Amino acid sequence: MNAHRMPLSLIVGALLVGVLVLIALVSLVWLPYPIEDTSGGRLKGFSADHLLGTDRLGHDLASRMMVGARIALVVGLGAVAVAALIGVSIGLAIALSRPWVDDVASALLDVLIAFPTLLLAMLIVAGFGASLATVTVAIGVAASAVVARLTRILARRVLAEQYVLAARTSGVSTWGILTRHVLPNIWPTLATNLAVTMGGAVLAEAGLSYLGLGAPPPNASWGRLLQDAQATFTTQPLGAIAPGVAIVAFVLGTNLAADGLRSLIDPTQGGAK
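Residues numbered from 1 in each chain as written. Predicted model: local features only at pLDDT ≥ 70, side-chain atom pairs only at ≥ 80, totals over all residues. Heavy atoms only, no water.

**Description of the packing of helix α1 (residues 8-27) against helix α2 (residues 61-95)**
Okay, so step 1: Packing of α1 against α2 brings their axes to within 8 Å, and their N-to-C directions diverge by 110°. In terms of axis orientation, α1 runs roughly perpendicular to α2. Contact with α1, carried on its side by L20, V21, I23, A24, V26 and S27, involves M66, V67, A69, R70 and L73 of α2 and no other residues of that element.
Okay, so step 2: Classifying every residue of the contact of α1 with α2 gives nine nonpolar, one polar and one charged. (Axes fitted to C-alpha atoms, helices over the stretch in contact; angles between N-to-C directions. Helix = DSSP H or I, 4+ residues; strand = E, 2+ residues; numbered from the N terminus. Parallel < 35°, antiparallel > 145°, perpendicular 65-115°, else oblique. Contact = heavy atoms within 4.5 Å. Nonpolar A, V, L, I, M, F, W, Y, C, P; charged D, E, K, R; others polar.)

**Considering the nonpolar core**
Okay, so step 1: Of all hydrophobic cores here, the largest spans 37 residues; its most connected members are L92, V182, I186 and W222.
Okay, so step 2: Those elements that place two or more of their residues in this core are α1, α2, α5 (132-159), α6 (162-169), α7 (174-210), α8 (222-229) and α9 (238-265).
Okay, so step 3: It is α2 that provides the largest number of residues to this core, a total of 10 residues.
Okay, so step 4: Contacts of I186, omitting those with residues within four sequence positions, involve L92, T151, L154, A155 and V158. (Core = buried A, V, L, I, M, F, W, Y, C linked by side-chain atoms within 4.5 Å. Buried < 20%, exposed > 50% of the residue type's maximum accessible area, 1.4 Å probe, protein only.)

**Looking at the side chain of S144**
Okay, so step 1: When you line up the elements, S144 lands in helix α5.
Okay, so step 2: Residue classification places S144 among the buried positions, given a relative accessible area of 8%.
Okay, so step 3: Non-local contacts of S144, meaning those with residues more than four positions away in its chain, are made with A83, I86 and G87.

**Remarks on the environment of L20**
Okay, so step 1: One can find L20 in helix α1.
Okay, so step 2: Under the relative-accessibility criterion, L20 is labelled buried at 11%.
Okay, so step 3: Taking C-alpha positions, L20 is 10.0 Å from I247, a pair spaced 227 residues apart along the chain.
Okay, so step 4: Leaving out residues up to four positions away in the same chain, L20 has contacts with A69, W222, A246, A249 and F250.

**A word on the confidence of the model for the protein chain**
Okay, so step 1: When pLDDT is averaged along the protein chain, the result is 89, and 96% of the positions lie at 70 or above.
Okay, so step 2: When the elements of the protein chain are averaged for pLDDT, helix α4 (residues 117-128) gives the smallest value, 85, and α2 the largest, 96. (pLDDT = per-residue confidence, 0-100.)

**A closer look at the environment of I90**
Okay, so step 1: With respect to the secondary-structure elements, I90 resides in helix α2.
Okay, so step 2: Put simply, I90 and A145 are 55 residues apart on the chain and 8.7 Å apart in space, counted from C-alpha to C-alpha.

**Considerations on empty space enclosed by the protein**
Okay, so step 1: Counted by the stated rule, this structure contains one cavity of 30 Å³ or more.
Okay, so step 2: In this structure, the largest cavity spans a volume of roughly 100 Å³.
Okay, so step 3: Lining the largest cavity, in full, are L43, T54, D55, R56, L61, L225, D228, A229, T232, Q236 and G239.
Okay, so step 4: When residues in the lining of the largest cavity are grouped by element, the largest group, three residues, is from α8.
Okay, so step 5: A breakdown of the residues in the lining of the largest cavity according to their chemical character gives four nonpolar, four polar and three charged. (1 Å grid on protein atoms, 1.4 Å probe; cavity = no way out; pocket = protein on both sides within 12 Å on 5 of 7 lines; lining within 4 Å. Points joined across faces, edges and corners; volume = space filled by probe spheres on them.)

**Digging into a nonpolar patch on the surface**
Okay, so step 1: On the surface, a cluster of nonpolar side chains totalling about 520 Å² of accessible area is made up of M6, L8, I11, V12, L15 and L264.
Okay, so step 2: In terms of residue count, the dominant contributor to the nonpolar patch is α1 (four residues).
Okay, so step 3: Note on placement: I11 falls in helix α1.
Okay, so step 4: I11 sits in the partly exposed class, given a relative accessible area of 39%. (Patch = residues over 30% accessible without salt bridge, like charges linked within 9 Å, V, L, I, M, F, W, Y side chains within 5 Å. Areas by Shrake-Rupley, 256 points an atom, 1.4 Å probe, with all protein chains shown as cover. Salt bridge = Lys/Arg side-chain N within 4 Å of Asp/Glu carboxyl O.)

**Describing α7**
Okay, so step 1: The terminal C-alpha atoms of α7, which comprises 37 residues, lie only 46 Å apart, well short of the 54 Å expected from a rise of 1.5 Å per residue.
Okay, so step 2: Along α7, the sharpest change in direction is near 45° and occurs at W187; proline P188 comes one to four residues later.
Okay, so step 3: Positive backbone phi, approximately 85°, marks G212, located one or two places after α7. (Expected span 1.5 Å × (residues − 1). Bend = angle between axes of the 7 residues up to and from the residue.)

Right, dumping it as structure tokens:
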């Protein structure tokens with residue numbers, strides 16, 4: 001078998017995420033109906049005019065699903081950026097610290113990781129108020145502990161290598177060691193973790209919106225669409241099925257892509273074939 005062949009999981013994951021990203025980008029320039037348009041009639045089913053029907057207020061569900069894809073993309077990318085910035089910085093600082101600082105900081109990270117991401121995000125949103133920016137930052141901060149722990153483990157492994165010790169002996173600065181040796185060697189593994197984090201961020205945002213703690217209207221988050229549709233499921237099932245399938249597709253896509261990246265980076269691990 002060709003070791004350099006693209007893993008199937010990476011292809012499938014990239015296609016799933018790619019379709020949703022394309023929908024999100026299209027929503028920036030075109031929607032079937034304005035997001036606040038209620039002229040479609042209440043709880044209409046599939047039709048040529050409304051491919052996913054309408055909700056209990058007469059909104060076109062296809063338009064709201066497209067806006068939901070945009071929100072998912074913004075939250076996913078934003079939360080990953082926040083988690084990477086905070087987590088990588090803290091992880092590197094811990095890896096470079098004295099042993100007793102390492103022990104204390106690692107114990108604190110374990111305590112934070114023990115709390116579910118959604119619960120930590122709920123506490124942050126409850127304290128600062130619900131908005132798209134707050135939700136994105138809250139999820140990123142909540143996810144940063146896992147990134148920090150992984151960064152610390154990977155960085156310490158690289159710092160123990162002989163070529164890094166030789167670089168230190170030759171007078172290379174700490175910043176030079178981090179930028180020339182540590183980050184280039186740990187980034188591929190971190191990238192796979194961040195791909196999973198992106199899927200988890202979208203799932204967490206959907207959960208917050210379902211509980212009423214997400215971005216307020218007129219934002220049409222997939223989680224909010226699920227919450228709105230639960231009372232009318234028997235009348236208009238597409239209102240709940242469509243956002244549910246979208247959330248599953250996004251999370252599944254990012255996890256498959258991460259598994260494929262892991263297999264591509266290290267074929268010896270049991271990733272997708």
